[in-house]
Amino acid sequence: QVQLEESGGGLVQPGGSLRISCAASGDTFSLYTMGWYRRTPDTLREMVARITDDGRTVYADAVKGRFTISTDNMKNTLYLQMNSLKPEDTAVYYCNADYRGIYQAWGRGTQVTVSS
């Protein structure tokens, strides 16, 4: 089973950039579909971006063209590069690992706040 730990969240001004990371341990990282999700006090957890084990990516419409998901299999790390950040991107961001719909793991989340 895989364990996940997010890092890199923080406060950023509107229009700014931030990169958050998710370190994975405990299993073969490259076998999983990895994803970033986010949740606010007013919304359910929603998918932000996903990347499959063969490198295909999917993005939520709200972040297309601004966010980029990537992996470093040598470091067992998932990244989310966030550019042109907006106040509505403020949320707790969670890392997810999905093994063929059979098994899922979640990190504890990292807070991203976009505010001037």
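Residues numbered from 1 in each chain as written. Predicted model: local features only at pLDDT ≥ 70, side-chain atom pairs only at ≥ 80, totals over all residues. Heavy atoms only, no water.

A. The arrangement of the state of the cysteines in detail. Taken as a whole and assessed by the stated rule, the structure comprises one disulfide. Note that Cys22 is cross-linked by a disulfide to Cys95, the S-S spacing being 2.1 Å. Sign of the S-S torsion, about -80 degrees for the bond between Cys22 and Cys95, identifies this disulfide as left-handed. Of this pair, Cys22 sits in strand β3 (residues 18-25) while Cys95 sits in strand β9 (residues 91-99); the two residues are 73 residues apart in sequence, bridging distant segments of the chain. By relative accessible area, which is 0% here, Cys22 ends up buried. (Disulfide = S-S within 2.5 Å. Helix = DSSP H or I, 4+ residues; strand = E, 2+ residues; numbered from the N terminus. Buried < 20%, exposed > 50% of the residue type's maximum accessible area, 1.4 Å probe, protein only.)

B. Local environment of the environment of Asp42. Structurally, Asp42 can be placed in the loop between β4 (33-39) and β5 (46-51). Look at Asp42 and you get exposed, because its relative accessible area is 75%. Along the backbone, Asp42 and Ala91 are 49 residues apart, and their C-alpha atoms lie at a distance of 9.9 Å.

C. Focus on the packing of aromatic side chains. Counted by the stated rule, this structure contains three aromatic pairs. With centroids separated by 5.0 Å and ring planes inclined at 70 degrees, the aromatic side chains of Tyr37 and Trp106 adopt a geometry described as edge-to-face. Here Tyr37, found in strand β4, pairs with Trp106, found in strand β10 (residues 103-106); they are 69 residues apart in sequence, far enough to count as distant. Relative accessible area serves as the criterion here: at 14%, Tyr37 is assigned to the buried category. Chaining the aromatic ring pairs together yields one cluster made of Tyr32, Tyr99 and Tyr103. Over the ring of Tyr94 we find Arg45; its NZ or CZ atom is 5.1 Å from the centre of that ring. Above the face of the Trp106 ring, Arg45 is positioned so that its terminal group lies 3.7 Å from the ring centre. (Phe/Tyr/Trp six-rings, centres within 6.5 Å; stacked < 30°, edge-to-face > 60°. Lys NZ or Arg CZ within 6 Å of the ring centre and 35° of its normal.)

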